[in-house]
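Residues per chain are reported as follows:
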Amino acid sequence: MRTPLIAANWKMHKAPKDAAAFLDAFLPELHDQTGTEIALFPSAVCLPGIIEAARGTRVSIGAQNMHWLSEGAYTGDISAPMLTAIGCTHILIGHSERRQYSGETDEQVNLKLKTALAHRLIPVVCIGEHLDKRQSSLTAAVLRWQLAAALSGITPEQAAPIVIAYEPVWAIGTGVVATPDQAAEAHGIIRHEVANLLGNIAAEKMRILYGGSVKPDNIARLMSEPGIDGALVGGASLDPASFSQIVRNATTAA
Ligand code: 13P
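Residues numbered from 1 in each chain as written. Predicted model: local features only at pLDDT ≥ 70, side-chain atom pairs only at ≥ 80, totals over all residues. Heavy atoms only, no water.

A. Inspection of the overall build of the protein at higher detail. Scanning the protein from N- to C-terminus turns up eleven helices and eight strands. Relative to the compact-globule value of 18 Å for 254 residues, the protein shows a C-alpha radius of gyration of 17 Å, a close match. In terms of its C-alpha atoms, the protein occupies a principal-axis envelope of roughly 45 × 45 × 35 Å. Counting contacts in the protein only where the partners sit at least 6 residues apart, residues at least 24 apart contribute 72% of the total. For the protein, the exposed area adds up to about 11200 Å²; of that, 55% sits on carbon and sulfur atoms. Across the protein, the 20 positively charged side chains and the 24 negatively charged ones have centroids separated by 1 Å. (Helix = DSSP H or I, 4+ residues; strand = E, 2+ residues; numbered from the N terminus. Rg over C-alpha atoms; globule rule 2.2 N^0.38 Å. Contact = heavy atoms within 4.5 Å. Areas by Shrake-Rupley, 256 points an atom, 1.4 Å probe, with all protein chains shown as cover. Lys, Arg positive; Asp, Glu negative; His and termini not counted. Charge placed at Lys NZ, Arg CZ, Asp CG, Glu CD.)

B. A look at the environment of Asp-32. Relative to the elements of secondary structure, Asp-32 occurs in the loop between α1 (16-26) and β2 (37-41). Sequence separation between Asp-32 and Ala-195 is 163 residues, and the spatial gap between their C-alpha atoms is 36 Å.

C. Region of interest: the packing of aromatic side chains. Counting across every chain of the model gives five aromatic pairs. Cluster of aromatic residues (ring-pair linked, three or more members): Trp-10, Phe-22, Phe-26 and Phe-243. The cationic tip of Lys-14 hangs over the ring face of Trp-10; the distance from NZ or CZ to the ring centre is 5.2 Å. (Phe/Tyr/Trp six-rings, centres within 6.5 Å; stacked < 30°, edge-to-face > 60°. Lys NZ or Arg CZ within 6 Å of the ring centre and 35° of its normal.)

D. Quick look at helix α7 (residues 139-150). Taking 1.5 Å as the rise per residue, α7 with twelve residues should run 16 Å; its terminal C-alpha atoms sit 16 Å apart, in good agreement. Residues of α7 that are buried: Thr-139, Ala-140, Val-142, Leu-143, Gln-146, Leu-147, Ala-149 and Ala-150. (Expected span 1.5 Å × (residues − 1). Buried < 20%, exposed > 50% of the residue type's maximum accessible area, 1.4 Å probe, protein only.)

E. View of the site of the ligand. Taken together, 13 residues sit near the ligand, with Lys-11, His-95, Gly-173, Ser-213 and Gly-235 positioned nearest. Contacts to the ligand include Gly-173, whose backbone N or O atom sits 2.6 Å from an oxygen atom. Gly-234 has a polar backbone atom sitting 2.9 Å from an oxygen atom of the ligand. Relative to its free-state accessible area of 310 Å², the ligand is covered by the protein chains to the extent of 96%. Residue composition of the shell around the ligand, grouped by class: four nonpolar, seven polar and two charged. (Near = heavy atom within 4 Å. Polar contact = N/O pair within 3.5 Å; in protein donor to acceptor, adjacent residues only side chain to side chain. Nonpolar A, V, L, I, M, F, W, Y, C, P; charged D, E, K, R; others polar.)

F. Structural context of the pairing of β2. With four of five residues buried, β2 is to be regarded as a mostly interior element. As judged from the five bridges shared by strand β1 (residues 5-9) and β2, these two strands associate in the parallel manner. Within β2, the residue paired with Ala-7 across the bridge is Ala-39. Handedness of the crossover joining β1 and β2 through α1: right-handed. Relative to strand β3 (residues 59-63), β2 runs parallel, the two being bridged by three bridges. Note that in β3 the partner of Leu-40 across the bridge is Ile-61. Crossover β2 to β3 through helix α2 (residues 47-54) is right-handed. (Pairing = 2+ DSSP bridges. Right-handed = clockwise from strand over helix to strand, strands pointing away.)

G. Summary view of the packing of α7 against helix α8 (residues 180-198). Running from N to C, α7 and α8 point in directions that differ by 40 degrees, and their axes come no closer than 10 Å. Classified by the interaxial angle, the pair formed by α7 and α8 is oblique. Taken as a pair, α7 and α8 cross one another with a handedness that is right-handed. Every residue of α8 that contacts α7 at Ala-140, Leu-143, Arg-144, Leu-147 and Ala-148 is listed here: Ala-186, Ile-189, Ile-190, Glu-193, Val-194 and Leu-197. (Axes fitted to C-alpha atoms, helices over the stretch in contact; angles between N-to-C directions. Parallel < 35°, antiparallel > 145°, perpendicular 65-115°, else oblique. Left-handed = near helix turned anticlockwise from the far one by under 90°.)

H. Main features of the packing of helix α5 (residues 106-118) against α7. At a minimum axis separation of 8 Å, α5 and α7 run at an interaxial angle of 45 degrees. Looking at the two axes, α5 sits oblique to α7. Judged by residue contacts, Asp-106, Val-109, Asn-110 and Leu-113 of α5 engage Trp-145, Gln-146, Ala-149 and Ala-150 from α7. Tallied by class, the residues present in the contact of α5 with α7 amount to five nonpolar, two polar and one charged.

I. Geometry of the nonpolar core. Counting 68 residues, the largest nonpolar core has Ile-6, Leu-40, Ile-162, Ile-164, Ile-190, Tyr-210 and Phe-243 as the members making the most contacts within it. In terms of residue count, the dominant contributor to this core is α8 (seven residues). When residues no more than four places from it in sequence are discounted, the contact partners of Phe-243 are Ile-6, Ala-7, Ala-8, Phe-22, Phe-26, Ile-38, Leu-40, Val-233, Ala-236 and Ser-237. If you look at the next biggest cluster of nonpolar residues, it comprises eleven residues, including Phe-41, Val-124, Val-163 and Leu-209. (Core = buried A, V, L, I, M, F, W, Y, C linked by side-chain atoms within 4.5 Å.)

Spelled out as structure tokens, the structure:
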């Protein structure tokens, strides 16, 4: 009942001409596939061009970050109204790299989530534990804390568009993918906590993606876990052949 979502987070990779070349190669690969939603999160400078190029296809386009305010003296930032004005439909919120390198706080994640919902952007809220927390058996506590902070003040009625991405920090860019059991356990903790915060109906409807070293050869096993509703893919999403293979393998396994 939850439509799988496979999303590409390109991080700080690809100039507009590279993004256009990706789409040229990627779109034809989708002709025989349905059933899985696909979203690309390119850098901000690629957004206008790639939104145009993806118009009328089944590929949605999102931004990697935004400010929570609509406008103001915030040099270097972009706002939700700016994103919706160019046809952006999705937004990544709280990626661990933004938390780690740009000092993004749980409070800011919450503000951005509320702004995304107010502007009808589909938010993909990233949470996940660092290795030391996992080794100290604090994974569940971290996930509960991050969820409670992110979802603070959100009502069950508002929750439908929200997507959560479970991205254990130790699995990002390391080639060390969480085992399907580890990912399924974390997704179970997340869904249980969403039920505590927003009720069972919202929890059952909420899509929870896995992210961290997803590759064409591990996506099917991850997707065979009933609580895993898709993936947020970094490195392996940069190559159209590799990303289309992930979409294909995910669709078959879902
Ligand atoms: P990798 O797939 O490169 O590990 O990155 C995951 C990620 O951070 C997606 O947001």
